[in-house]
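Examining the three-dimensional arrangement
Okay, here's what each chain looks like letter by letter:
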Amino acid sequence: MSEHSEPELPELPYDYDALEPHISEQVVTWHHDTHHQGYVNGLASAEETLADNREAGDFGSSGGAMRSVTHNGAGHYLHTLFWENMHPNGGGEPEGDLRDRIEEDFGSYEGWKGEFEAAAGAAGGWALLVYDPVAKQLRNVVVDKHDQGALWGSHPILALDVWEHSYYYDYGPDRGSFIDAFFEVVNWDKVADEYQTCLGHFE
Ligand code: MN
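Just so you know, the residues in each chain are numbered from 1, in the order the chain's sequence is written. A pLDDT threshold of at least 70 governs which residues receive local features in this predicted model, and a stricter bar of 80 or more applies before side-chain atom pairs are shown or counted, although totals over entire chains, interfaces and linings include all residues. As a rule here, side-chain values cover all heavy atoms of the structure and leave hydrogens and water aside.

Quick look at unusual backbone geometry now. The omega angle of the peptide bond from Glu20 to Pro21 is 5°, so this bond is cis rather than trans. With respect to the element layout, Pro21 can be found in the segment before α1 (25–56). Here Lys136, not a glycine, exhibits a phi torsion of approximately 55°, which is positive. Each helix is a run of DSSP H or I of at least 4 residues and each strand a run of E of at least 2, with the numbering of both proceeding from the N terminus. Secondary-structure assignment places Lys136 in the loop between β1 (125–132) and β2 (137–144).

On to the pattern of salt bridges, then. We count a salt bridge whenever a side-chain nitrogen from Lys or Arg sits within 4 Å of a carboxyl oxygen from Asp or Glu. Under the defined criterion, the tally for this structure stands at 7 salt bridges. The shortest N-O distance in the salt bridge between Glu103 and Arg99 comes to 2.8 Å. Taken together, the positions of Glu103 and Arg99, both in helix α3 (residues 96–106) and 4 residues apart, correspond to about one turn of that helix. Since its relative accessible area comes to 32%, Glu103 is described here as partly exposed. The class for Arg99 is buried, based on a relative accessible area of 18%. For Arg139, the salt bridge identified is with Asp132, shortest N-O distance 2.8 Å. When a residue's accessible area, from a 1.4 Å probe over protein chains only, is under 20% of the maximum for its type it is buried; when over 50% it is exposed; and in between it is partly exposed. The class of Arg139 is partly exposed, set by a relative accessible area of 29%. Since its relative accessible area comes to 5%, Asp132 is described here as buried. Connected through shared salt-bridge partners, Glu84, Lys190 and Glu194 make up one network.

Residues forming no salt bridge and having over 30% relative accessible area are the ones grouped into patches, like charges within 9 Å of each other and nonpolar side chains (Val, Leu, Ile, Met, Phe, Trp, Tyr) within 5 Å. All accessibility values rest on the Shrake-Rupley procedure with a 1.4 Å probe; residue burial counts only the protein chains present in the view. Positive charges come from Lys and Arg alone, negative charges from Asp and Glu alone, with His and the N- and C-terminal ends not counted. The location of each charge is read from NZ of Lys, CZ of Arg, CG of Asp or CD of Glu. A cluster of acidic residues, Glu6, Glu48, Asp52 and Glu55, forms a negative patch at the surface. Inspection of the secondary structure puts Glu6 in the segment before α1.

It is worth spelling out the packing of α3 against helix α7 (residues 188–202) at this point. Only the stretch in contact is used when fitting a helix axis, every axis being a line fitted to C-alpha atoms; angles between N-to-C directions are given from 0 to 180 degrees. Orientation of α3 relative to α7, taken along the N-to-C sense of each, is 75°, at an axis distance of 9 Å. On the basis of their axis angle, the class for α3 and α7 is roughly perpendicular. Two secondary-structure elements touch here, α3 through Asp97, Leu98 and Arg101 and α7 through Trp188, Val191, Ala192, Tyr195, Gln196 and Leu199. Only Asp, Glu, Lys and Arg are considered charged in this grouping, and only Ala, Val, Leu, Ile, Met, Phe, Trp, Tyr, Cys and Pro are considered nonpolar; every other residue, Gly among them, is considered polar. Residue composition of the contact of α3 with α7, by class: 6 nonpolar, 1 polar and 2 charged. When an angle is under 35 degrees it counts as roughly parallel; over 145 it counts as roughly antiparallel; between 65 and 115 it counts as roughly perpendicular; any other value is oblique. Contacts are assigned to residue pairs that have any heavy atoms within 4.5 Å of one another.

Each helix should span, by expectation, one fewer than its residue count multiplied by 1.5 Å. Counted at 1.5 Å a residue, the expected span for α1 with its 32 residues is 46 Å, and the 45 Å between its end C-alpha atoms agrees. Bend at a given residue is defined as the angle between two axes, one fitted to the seven residues that end at that position and one fitted to the seven that begin there. Approximately 30° is the largest bend angle found in α1, and it occurs at His31. Of all the positions in α1, only Val27, Val28, His31, His32, His36, Tyr39, Val40, Gly42, Leu43, Ala46, Leu50 and Asn53 are classed as buried. For α1, the secondary structure elements touched by its buried residues are α2 (62–84), β3 (155–161) and α5 (168–171). Gly57 occupies a position one or two residues after α1 and carries a positive phi of about 65°.

With that settled, the discussion passes to the domain arrangement of the protein chain. Domain start and end points were adopted from an automatic or database domain assignment. What the domain assignment lists for the protein chain is domain 1 (25–84) and domain 2 (96–202). Taken together, the contacts link 15 residues of domain 1 with 20 residues of domain 2. Where domain 1 packs against domain 2, one counts 1 salt bridge. Across the pair Glu84 and Lys190 runs a salt bridge, and its minimum N-O distance is 3.2 Å. Throughout this description, a polar contact denotes any pair of N or O atoms lying within 3.5 Å of each other; where both atoms belong to protein, one of them has to be capable of donating a hydrogen while the other can accept it, and for residues adjacent in sequence the pair is counted only when both atoms sit in side chains. Viewed at the interface, domain 2 and domain 1 are joined by 9 residue pairs in polar contact (both at pLDDT 80 or more). Contributing elements (two or more residues each) for the side of domain 1 that touches domain 2: α1 and α2. Of the residues forming the side of domain 1 that touches domain 2, the biggest block, 9 residues, is contributed by α2. Grouping the amino acids of the side of domain 1 that touches domain 2 by side-chain chemistry returns 7 nonpolar, 7 polar and 1 charged.

Distances from the manganese ion to its protein donors, namely His31 (NE2), His79 (NE2), Asp161 (OD) and His165 (NE2), fall within the range 1.9 to 2.1 Å. We call an atom a donor if it is N, O or S and sits within 2.8 Å of the metal, or 3.2 Å for Na, K and Ca. Water is not counted, so some sites may look partial. Binding-site remark: the manganese ion is held by donors from one chain whose sequence spacing is H-x47-H-x81-D-x3-H. Of this pair, His79 sits in helix α2 while Asp161 sits in strand β3; the two residues are 82 residues apart in sequence, bridging distant segments of the chain.

Okay, here's the thing in structure tokens:
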């Protein structure tokens, strides 16, 4: 039998106050310790329900539990990427192979960025930059909640959380200012690593 790992809250790759003034220590603390932890707990609990039901041969609550796995699992995975794709020394613009690919697939960096910002304005959950292994291209994707609007098979390489818990305390209803602040802390080195991983898997 293959080993599967229990869901676990990853430690932040920087201090809670490291993203100030763009994202406050208070928001990072609530967001990581309460919200992200909640998705980890929800995933673990739903997996336990599924295992118990298989053991008992009673699948009455399994449908809801599977729905909970995708909601909480997607929340856990996207938050993990979100923390990693920010850094206090981030910002600027992508370089190298990733920059070339963005220009190839979106016409220009500005064309990509304007579209990504539109995704972040429209989403009821997340704006994602993904690698689509079927079309073999990068795409921006609008995601509601954590898992509604996903493009099957695509691999997210940059995630921006636009749930209200992500910005309301710092920016109120001004989501646009939060999106601008996010670009001051994007860890493009990490995004480039994720892109290279996709190339290794899919191209
Ligand atoms: Mn969140």
